[in-house]
Amino acid sequence: MLDPMGMVEIFRTQVGETPYSKLNPLTKFILFASFIALPLISASLLMQIFSLVAQIPLIILSRSERRVKRSLKASLLFIVILVVLNYLTTHSLEFSLAMVLRLVSMIIASAIFMTGTSPAEIGDLLTKLRIPLQITFSFVIALRFIPVLADDVVMIITSQVSRGYELEKGSFLEKVKRLVPILIPMIIIAIRRGHQLAEALETKAFGATEKRSSYVVYEYGRGDWILLIYAAIIIVVGLMVGTLTPQFQLLPFRY
Amino acid sequence: MIEVDGVTFRYEGSGVNALRDVSLELERGKIYGIVGPNGSGKSTLLRLLNGLIPHFYRGEMKGRVLVDGVDTREASVAQLSRKVGLVFQNPEHMFFSETVYEEVSFGPKSIGMDPEEIRESVKWALEEVGLWELRERSPWSLSGGEMKRLSIACILSMKPEFLAVDEPTIGQDSLSKESLSQIFKRMRGEGKGVVIVTHDLEWLDELGPDVVFVLRYGVVISRGGPREIFSDIRNLATNGLIPPYRYIVDSLLEVG
Ligand SMILES: Nc1ncnc2c1ncn2[C@@H]1O[C@H](COP(=O)(O)OP(=O)(O)OP(=O)(O)O)[C@@H](O)[C@H]1O
Ligand SMILES: [Mg+2]
């Protein structure tokens, strides 16, 4: 029921090229930005369903169907809890569902972008957009670490179950407590990785010059144009969908 | 006995089979060596033995694995861990306790040993790997080689019937290597089955395994006694393995 390995599946390193990963990084970034913006246009349930459905072509192009399915299945309990908590504070089932779907659709958009775009591509892209190196670099490293840490989670869980540890045992609260032998190695490893990285960067004289040289040139193919047009259509349709349905207030107060 | 019966496995999202039609039998009272180049499927094979595949790694699996006649699909990894102890390549992923002592008692507690037995087996395991003196230290304060030995103690303390160890000699000095050999030999003497994955054929030769399997691209390309496998220098070299020194000398003498 509580399947942390499944939950992180969507962020795990993907092997091999996909039609999506071969796109121009700028295209991928624009698609990513569009799909993050789309669910924010309005809070209606219809809008959120539209955002999810509109992502299906990207899920297929990035060959993520199985990963998305597994992660959703693994996160089901978590999603239900979120909906219930939301319902308890807002007293609107439709609104709660919409908010959780919004979250899910943004997570899917981020996962497709992160696993299908190499950190180097993202770095080059941000540099081209004249974002300062310090920020670009931190961002890239953060992204690079997500799949690495997701892989660590898998190794940690399999290490602990090999020592006879049962994640699934007990009531819900006990299950949460049972995550301790997973979370502690996780945190320590993350901190250690950070230190190692800092050392590696220093030995490579990172930050010695303001301007780093770059020699990669990205091209635009037909796929890029098709998907950019798709992004534009999605946003326009999204704006229309946004005006169609009545807006919910963020917290519908009652007097 | 562990029987791996015609297993083919492909990790989800991967285009190639990590194991291809692998069949082998592992008995008690014997030491098995598994060698092969990087990515040849050695760790994958170990993951089969205690049910991590298919319980925790998704993918496509054909064939079956029987541990004392029980299909690993029918038992949980926690249950299988009483019989098959698996020591991972990277020890860091398992440590979460404040002291070495507590870390080693985690496994025995999980499988429900009684307190008296836990105390005994933790002390025994720590002494076996030469870490008893460091029992109050934090696992994270140990050196790489000590961590590896600690990870072995964590599994030893659970008293499994079969012990499978991924790369035991990495980061070990020659003294520690020798003491590891002694541990594995003692286990064999006590009628336990020992499975060792290693790139260190020199050490494996000294350990004196009963059977050696050579893996390549997920296929067991040769199997046999150490003498037979190690003297086939050409086969080892083409698989990126350095044969034990004495076999190289032998073959040079033969040619000469
Ligand atoms: N979790 C995983 N997901 C997808 N593919 C994997 C996974 N683990 C291993 N593989 C792939 O399966 C194949 C066999 O890997 P395995 O780790 O068993 O090799 P190995 O013989 O242990 O190598 P090494 O000597 O480097 O430890 C490799 O091609 C590897 O890329
Ligand atoms: Mg390995």
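A quick note: this is a predicted structure, and the numbers were derived from the prediction, not measured.

**Q** Even after reading the chapter, I still don't get the overall build of chain A, so can you show me in this structure?
**A** Across its full length, chain A carries 12 helices and 0 strands. Listed by position from the N terminus, the elements making up chain A come as α-α-α-α-α-α-α-α-α-α-α-α. Within chain A, buried positions represent 43% of all 255 residues. Working note: accessible area of chain A is about 14300 Å², and carbon and sulfur atoms make up 69% of it.

**Q** Whenever I open this one, the environment of A:Tyr20 confuses me. Can you help?
**A** Residue and element names in this part refer to chain A. As for its position among the elements, Tyr20 is in the loop between helix 1 (4-8) and helix 2 (25-41). Residues Tyr20 and Leu58, spaced 38 residues apart in sequence, show a C-alpha to C-alpha distance of 7.3 Å. Those residues in contact with Tyr20 that lie beyond four places of it in its chain are Lys28, Leu31, Leu58, Leu61, Ser62, Ile112, Phe113, Gly116 and Thr117.

**Q** So what exactly am I meant to see when it comes to helix 7 (residues 93-116) of chain A here?
**A** Each turn of an α-helix holds 3.6 residues, which means side chains three or four residues apart point in the same direction. Compared with the 34 Å implied by 1.5 Å per residue over 24 residues, the 34 Å span of helix 7 of chain A between its first and last C-alpha is a close match. Most of helix 7 of chain A sits out of view: 18 of its 24 residues are buried.

**Q** Is there a simple way to think about the coordination of the magnesium ion (ligand 2) in this case?
**A** The reference angle at a metal is 109.5 degrees if four donors form a tetrahedron and 90 or 180 degrees if six donors form an octahedron. Residues and elements named next belong to chain B. Taken together, Ser43 (OG) and Gln89 (OE1) make up the protein donors of the magnesium ion (ligand 2), found 2.0 to 2.4 Å from the metal. Taken together, the positions of Ser43 in helix 1 (residues 42-49) and Gln89 in the loop between strand 6 (84-87) and helix 4 (100-110) put the pair 46 residues apart, joining distant regions of the chain. Take Ser43: its relative accessible area is 18%, and that puts it in the buried class. A residue is classified by how much of its surface remains accessible, and Gln89, at 42% relative accessible area, is partly exposed.

**Q** Whenever I open this one, the interface of chain A and chain B confuses me. Can you help?
**A** Note: interface size is frequently given as the accessible area lost on complex formation between the parts. Taken residue by residue, the interface counts 26 residues in chain A and 29 residues in chain B. At the boundary of chain A with chain B, total buried surface from both sides reaches about 2600 Å², with 59% on carbon and sulfur atoms. Put simply, chain A and chain B have 2 salt bridges between them. The shortest N-O distance in the salt bridge between A:Arg192 and B:Glu92 comes to 3.1 Å. Across the chain A-chain B interface, the total number found is 8 residue pairs in polar contact (both at pLDDT 80 or more). If you list the elements that add at least two residues to the side of chain A that touches chain B, you get helix 5 (65-74), helix 9 (133-161) and helix 11 (180-203) of chain A. The biggest single contributor to the side of chain A that touches chain B is helix 9 of chain A, with 9 residues. Considered class by class, the residues forming the side of chain A that touches chain B number 13 nonpolar, 5 polar and 8 charged.

**Q** Can you walk me through the sheet that holds strand 6 of chain B in this structure?
**A** Each strand in a sheet pairs with its neighbour through backbone hydrogen bonds, running either in the same direction (parallel) or in the opposite one (antiparallel). All names here are of chain B. Read across the open sheet, the 6 strands follow the order 6-7-8-3-9-10; overall the sheet is mixed. Single-partner strands in this sheet number two, and they are strand 6 and strand 10 (219-224). Taken over all neighbouring pairs, the strand axes of this sheet differ in orientation by 15° on average, direction set aside. Bridge analysis of strand 7 (residues 162-166) against strand 8 (residues 193-197) gives 5 bridges, and the strand direction is parallel. Bridging across to strand 8, Ala164 finds its partner in Val195.

**Q** I keep staring at the sheet that holds strand 4 (residues 59-67) of chain B and nothing clicks. Help me out?
**A** All names here are of chain B. Here we have 4 strands laid out as an open sheet, ordered 2-1-4-5, and antiparallel in their pairing. Looking along the sheet, the strands with just one partner apiece sit at the ends: strand 2 (19-26) and strand 5 (70-71). Alignment of strand 4 against strand 5, held across 2 bridges, turns out to be antiparallel. Note that in strand 5 the partner of Val67 across the bridge is Val70. Relative to strand 1 (residues 2-11), helix 1 is tilted by about 125°, and along the sheet it contacts strand 1, strand 2 and strand 4.

**Q** Whenever I open this one, the domain arrangement of chain A confuses me. Can you help?
**A** All names here are of chain A. We note that the domain assignment places domain 1 (20-123 + 218-248) and domain 2 (130-203) within chain A. Spacing between the C-alpha centres of domain 1 and domain 2 amounts to 25 Å. Surface buried jointly by domain 1 and domain 2 totals about 590 Å² across both partners, of which 94% is contributed by carbon and sulfur atoms. The largest contributions to the domain 1 side of the interface with domain 2 come from Met114, Pro119 and Ile122, which together make up 65% of the buried area. Applying the counting criterion to the domain 1 and domain 2 interface returns 0 salt bridges. In this assembly, domain 1 and domain 2 are joined by 0 residue pairs in polar contact (both at pLDDT 80 or more). Elements with a minimum of two residues in the side of domain 1 that touches domain 2: helix 6 (76-90) and helix 8 (119-128). With 3 residues, helix 8 is the largest single contributor of residues to the side of domain 1 that touches domain 2.

The rules behind each value
- Residues numbered from 1 in each chain as written.
- Chains lettered and ligands numbered in written order.
- Predicted model: local features only at pLDDT ≥ 70, side-chain atom pairs only at ≥ 80, totals over all residues.
- Heavy atoms only, no water.
- Helix = DSSP H or I, 4+ residues; strand = E, 2+ residues; numbered from the N terminus.
- Buried < 20%, exposed > 50% of the residue type's maximum accessible area, 1.4 Å probe, protein only.
- Areas by Shrake-Rupley, 256 points an atom, 1.4 Å probe, with all protein chains shown as cover.
- Contact = heavy atoms within 4.5 Å.
- Expected span 1.5 Å × (residues − 1).
- Donors = N, O, S within 2.8 Å, 3.2 Å for Na, K, Ca; no water.
- Buried area = accessible area lost by both parts, 1.4 Å probe.
- Salt bridge = Lys/Arg side-chain N within 4 Å of Asp/Glu carboxyl O.
- Polar contact = N/O pair within 3.5 Å; in protein donor to acceptor, adjacent residues only side chain to side chain.
- Nonpolar A, V, L, I, M, F, W, Y, C, P; charged D, E, K, R; others polar.
- Pairing = 2+ DSSP bridges.
- Axes fitted to C-alpha atoms, helices over the stretch in contact; angles between N-to-C directions.
- Domains from an automatic or database assignment.

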